[in-house]
Amino acid sequence: MKTFTGSNILSVDQFDREAIHTVFEVADRMEPYAHRKKRTRVLDGAILGNLFFEPSTRTRVSFGTAFNLLGGEVRETAGMNTSALSKGESLYDTARVLSSYSDVIAMRHPQSGSVAEFARGSRVPVINGGDGSNEHPTQALLDLYTIQKELQHQGRDIDGMHIAMVGDLRFGRTVHSLSKLLCLYKNIRFTLISPADLAMPDKVLAELDKVGHRVTITDQLEGHLDKSDILYLTRIQEERFPSQEEANKYRGKFRLNQSIYTQNCQSNTVIMHPLPRDSRAEANELDDDLNQHPNLAIFRQADNGVLIRMALFTLVLGVNNVIHHYDCPVQWLTSKSDQQGL
Amino acid sequence: MKTFTGSNILSVDQFDREAIHTVFEVADRMEPYAHRKKRTRVLDGAILGNLFFEPSTRTRVSFGTAFNLLGGEVRETAGMNTSALSKGESLYDTARVLSSYSDVIAMRHPQSGSVAEFARGSRVPVINGGDGSNEHPTQALLDLYTIQKELQHQGRDIDGMHIAMVGDLRFGRTVHSLSKLLCLYKNIRFTLISPADLAMPDKVLAELDKVGHRVTITDQLEGHLDKSDILYLTRIQEERFPSQEEANKYRGKFRLNQSIYTQNCQSNTVIMHPLPRDSRAEANELDDDLNQHPNLAIFRQADNGVLIRMALFTLVLGVNNVIHHYDCPVQWLTSKSDQQGL
Amino acid sequence: MKTFTGSNILSVDQFDREAIHTVFEVADRMEPYAHRKKRTRVLDGAILGNLFFEPSTRTRVSFGTAFNLLGGEVRETAGMNTSALSKGESLYDTARVLSSYSDVIAMRHPQSGSVAEFARGSRVPVINGGDGSNEHPTQALLDLYTIQKELQHQGRDIDGMHIAMVGDLRFGRTVHSLSKLLCLYKNIRFTLISPADLAMPDKVLAELDKVGHRVTITDQLEGHLDKSDILYLTRIQEERFPSQEEANKYRGKFRLNQSIYTQNCQSNTVIMHPLPRDSRAEANELDDDLNQHPNLAIFRQADNGVLIRMALFTLVLGVNNVIHHYDCPVQWLTSKSDQQGL
């Protein structure tokens, strides 16, 4: 990746270690704005086209908030029904027209490859906010960013770490993308814990193998977590199963709670989850009794999403080095900065 | 209620007379901004999370507009389907994540108690925009504010007034909350007019009795309005009935129009309604022929909602005393101020 | 039309040539803002109520973007379900309440005449964004503006031109309104190409006849395009047919592609389409193989919609002559201006 300015962000494949380093360095500088220690007007007057052709509250709002925090405006579309696509319009046409309504676009769409297709017709940079089971690069970046921050806080590094991934490793898009990104790092150990039917796809395993990462595969949670620096849990992606009954066979198979954590993990194992976690009794893959645990990073992980998206917007719009010229004070009272962060 | 700054606004129970006085005093100062005599940038850069997990055009837009009028941005969610709640996420998790995307939250949700539950997980103040049949405190405050303004205009006071409430007093959430707030005032007379099946709940009656307010209960409209200073009409809440047929038994029972008003009311009786009024022929609880009547306060009542919500935002974010420091002129031509107000 | 300030924009019937000239002159001045050569804060603090009671991505976002480009905020409603209309509220009431939440309103509604009815209750100017099969004046204005710009670029004029309209001339609202506007011009020739069942309504034909425009009616595309300066294609409005099967009888009847264009048209014939075009194989009224053709004006046409809507907002709010006082630079990098325009 040579330059971010004017580029689309469509896939984790675009990123090398240097590009990732750049994004994370900018994300670090976004923290005072997100924590309301100061604010910036750098994107005052800019318009984000936030096109969510598939419902998603948290990702949609996270993109919109990231843009607002930089001073910009958001024009939003939520849901497929409200689109001319249903009248037979091609994604190319939609892109040509809608891209003239904004300065940058964040887009989610249920179909694999649709965001890249849209980007070919777009006159402004497009950031992929998830295209079906294909890609969700900002999620992968925020996951990796969280890993780096949490490990750095412990004085450690991504190279050489041990990560356990648990749950639906077949349909869970985030573990695929994160695994790909981790192929840019050295000497990582993976423990992949899932029902045999929901195992990590061979394609991803081959990539891990190719760069020399060591992988252990098991269908047992207990007894396999004692070496993990990072424990990455996932939800059974029930919406991708043929029926609810089919999904129910797997929901609740792996559960982490205070007692299992204490008995099986190192004292500094970081707990991650891309959220939402399924907290219904029959699933409950990550119990509430860990909510106050200092190693539970799931909400810091969600917060990091705003920082990553802010970073990408500033990079794509070429303002990453001038943000501070537009700093201004926060006029209202906020206790936000005290409650967030590590 | 000791301080507003950083507090949640969840229930009318939080308010004592002093707190109400504070809100109304700030609301009065919001009028020039709402009427476009000037504008303010006090919340420039602040973000409202406007989370409407149940459809509502007027309340949702009223909150959003109130925040825009103070200079802030709005990130919005409308409808339950677009939420991760359907994937088994707890309200606590939703709150933890979404609250990091804004500086204050306004929330509506169909389930009683849900907004308070959300507030426990939120990292920013939450204002209840209606949680099912439970609470809708900003509506109660705007109703009370309207009563005070309308009576003051006539040189009178809330203490000692006479109010008639008409229609669906059982499911009409607004009359319950307003009654509760009126318990903070002295020597009020209530005339409660409804079909026996839709009578004011005993719990509310007990509260009125406890503070010594005098209550008359009847199922007849005519002949019972002659002493009323305030006539508060409501719609049959058909969506809370088991069937449309069940609701139809009551729709159209009580109707106010020009001729009934003239024959039954004092010349200065103020007509209120929380809106929407059902104007279909079979209901028509408040006839169009009163639309030009100077005592019809229903649209002033709706306008007051913006003032009350502006006041609460400034109080909760601690800017109520500095707003005027951020005043600026209105550049565009507007005839708004001429058409509004008493 | 005497003055724009404070007026509603409900119908093309409001416009005479002078008013059109004014709108187009202001629209021309909007181009540097839309192309991001500079930006303006003239409507900083103003609020657009963007009320779309019928789904529409492009028109809704186009209005919102136009307002954002002028520095204003947008409060939006999309879809009928989220409205109190379903509780029996009259449009008058909805208008009285919602109009106090904004400084100007853009509104779409499925019912003919509904926007004018709403405007009677509104306290701020209302711009019709489409009311069923009745009117969509901003589309007609942007179509006419596109014709003028494209012909001017060729050194020609609207007076005396030849336009061919093709497709569903019965249900296609845009061709009716455009025809009406063209009645303000002199000596125009129309070639109307449609299946006999989807012919231009007699009412429109009578108006064309009245001002002396010459009209040729045919159901054949080939052999009738050789004199056209403007070729205006339309989609079969399948949503207005009793059934999909009924619509399918006409879809695909008239198709334009590179080879048909070259064989039948003059070398400078401008191709227009109100979009969305139906690109499914069975319809495909305007083939992708013309996408790079310099005479294909369909995306410039969509872009012009933003300019027209910006112009109307500035006129209605009385700021058309002061915009440049609020100019400021664009801080972010953009290649937008290079990719747009003729």
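Nothing here was measured: the structure is a model prediction, and the numbers come from that model.

## Some remarks on the relation of the copies chain A and chain B
Placing chain A over chain B gives an RMSD of 0.0 Å and needs a rotation angle of 120°, together with 0.0 Å of translation along the axis. In the structure described here, the two chain copies are related by an operation that fits a three-fold rotation axis. No C-alpha of chain A approaches the rotation axis more nearly than that of Glu73(A), which lies at 4.7 Å.

## Quick notes on the interface of chain A and chain C
Taken together, the contact between chain A and chain C spans 31 residues of the former and 31 residues of the latter. Where the side of chain A that touches chain C is concerned, the elements lending two or more residues are β3 (73-78) and α3 (91-98) of chain A. Per-element tally for the side of chain A that touches chain C: the top contributor is α3(A), with four residues. A breakdown of the residues in the side of chain A that touches chain C according to their chemical character gives eleven nonpolar, twelve polar and eight charged.

## What about helix α5 (residues 137-153) of chain A?
Residue and element names in this part refer to chain A. For α5, spanning 17 residues, the distance from its first C-alpha to its last is 24 Å, which sits close to the expected 24 Å at 1.5 Å a residue. The element α5 is largely enclosed, with a buried count of 14 among its 17 residues. Looking one or two residues beyond α5, the residue adopting positive phi is Gly155, at roughly 75°.

## Concerning the confidence of the model for chain A
Keep in mind that low pLDDT regions are not for reading the predicted coordinates in detail. All names here are of chain A. In this model, chain A carries a mean pLDDT of 93, and residues with pLDDT of at least 70 account for 95%. pLDDT under 50 marks residues 337-342. Its contacts with residues more than four places away, or in other chains, come to ten contacts. Scored as a whole, the predicted complex attains pTM 0.96, and scored at its interfaces, ipTM 0.94.

## Points about the interface of chain A and chain B
At the interface, 31 residues of chain A touch 31 residues of chain B. No other element matches the seven residues that helix α2 (residues 57-69) of chain A contributes to the side of chain A that touches chain B. Residue composition of the side of chain A that touches chain B, grouped by class: twelve nonpolar, eleven polar and eight charged.

## Comments concerning the packing of helix α2 (residues 57-69) of chain C against helix α10 (residues 298-316) of chain C
All names here are of chain C. Orientation of α2 relative to α10, taken along the N-to-C sense of each, is 60°, at an axis distance of 8 Å. Overall, the two elements α2 and α10 adopt an arrangement that is oblique. Remark: the crossing between α2 and α10 carries right-handed chirality. Residue-level contacts link Ser62, Phe63, Thr65, Ala66, Phe67 and Leu69 of α2 to Gly305, Val306, Arg309, Met310 and Phe313 of α10.

## Some words on the environment of Phe67(A)
Residue and element names in this part refer to chain A. Here Phe67 lies in helix α2. For Phe67, a count of 27 C-beta atoms within 10 Å puts it in the buried group. For the pair formed by Phe67 and Ala78, sequence separation is eleven residues and the distance between their alpha carbons is 17 Å.

## Digging into the domain arrangement of chain A
Residue and element names in this part refer to chain A. By domain assignment, chain A separates into domain 1 (12-135 + 305-335) and domain 2 (138-299). Distance between the C-alpha centres of domain 1 and domain 2: 27 Å. Listed per partner, the contact involves 16 residues of domain 1 and 14 residues of domain 2. Among the elements of the structure, α1 (17-34), β5 (126-131) and α10 (298-316) are those that each provide at least two residues to the side of domain 1 that touches domain 2. Looking at the side of domain 1 that touches domain 2, the element that brings in the most residues is α1, giving five residues. Of the residues assigned to the side of domain 1 that touches domain 2, the class counts are nine nonpolar, three polar and four charged.

## What about the sheet that holds strand β7 (residues 189-193) of chain B?
Residue and element names in this part refer to chain B. Overall, parallel pairing links the five strands, which are arranged β8-β7-β6-β9-β10 in an open sheet. Each end of this open sheet is capped by a strand with a single partner; those strands are β8 (214-218) and β10 (270-272). Across the sheet, the mean angle from the axis of one strand to that of its neighbour is 15°, orientation sign disregarded. Taken together, the four bridges between strand β6 (residues 162-166) and strand β9 (residues 230-233) define a ladder with parallel strand orientation. Across the sheet, the residue bridging to Met165 is Tyr232, located in β9.

## A few points about the nonpolar core
Leu231(A), Leu231(B) and Leu231(C) are the most contacted members of the largest nonpolar core, which has 305 residues in total. When residues no more than four places from it in sequence are discounted, the contact partners of Leu231(C) are Ala164(C), Val166(C), Leu225(C), Cys265(C), Thr269(C), Val270(C), Ile271(C) and Met272(C).

## Comments concerning the packing of helix α1 (residues 17-34) of chain B against helix α10 (residues 298-316) of chain B
Packed helix pairs are characterised by how far apart their axes lie and by the angle those axes make with each other. Residue and element names in this part refer to chain B. It is at 8 Å that the axes of α1 and α10 come closest, and there the two elements cross at 115°. One element, α1, and the other, α10, form an angle in the roughly perpendicular class. Classified by chirality, the crossing of α10 by α1 is right-handed. Along the contact surface, α1 presents Val23, Val26, Ala27, Met30, Glu31 and Ala34, while α10 presents Val306, Leu307, Ile308, Met310, Ala311, Leu312, Thr314 and Leu315.

## A look at the sheet that holds strand β3 (residues 73-78) of chain B
Residue and element names in this part refer to chain B. Strand order across the open sheet formed by four strands is β3-β2-β4-β5, with parallel pairing between neighbours. Either end of the sheet is taken by a strand with one partner, and the two such strands are β3 and β5 (126-131). Averaged over neighbouring strand pairs, the angle between their axes works out to 10° when direction is ignored. Alignment of strand β2 (residues 47-52) against β3, held across six bridges, turns out to be parallel. Each residue of the ladder has a partner; that of Leu48, found in β3, is Val74.

Conventions used here
Residues numbered from 1 in each chain as written. Chains lettered and ligands numbered in written order. Predicted model: local features only at pLDDT ≥ 70, side-chain atom pairs only at ≥ 80, totals over all residues. Least-squares fit on C-alpha atoms with pLDDT ≥ 70 in both. Contact = placed C-beta atoms within 7 Å. Helix = DSSP H or I, 4+ residues; strand = E, 2+ residues; numbered from the N terminus. Nonpolar A, V, L, I, M, F, W, Y, C, P; charged D, E, K, R; others polar. Expected span 1.5 Å × (residues − 1). Buried ≥ 20, exposed ≤ 12 C-beta atoms within 10 Å, placed from the backbone. pLDDT = per-residue confidence, 0-100. Axes fitted to C-alpha atoms, helices over the stretch in contact; angles between N-to-C directions. Parallel < 35°, antiparallel > 145°, perpendicular 65-115°, else oblique. Left-handed = near helix turned anticlockwise from the far one by under 90°. Domains from an automatic or database assignment. Pairing = 2+ DSSP bridges. Core = buried A, V, L, I, M, F, W, Y, C linked by C-beta atoms within 7 Å.

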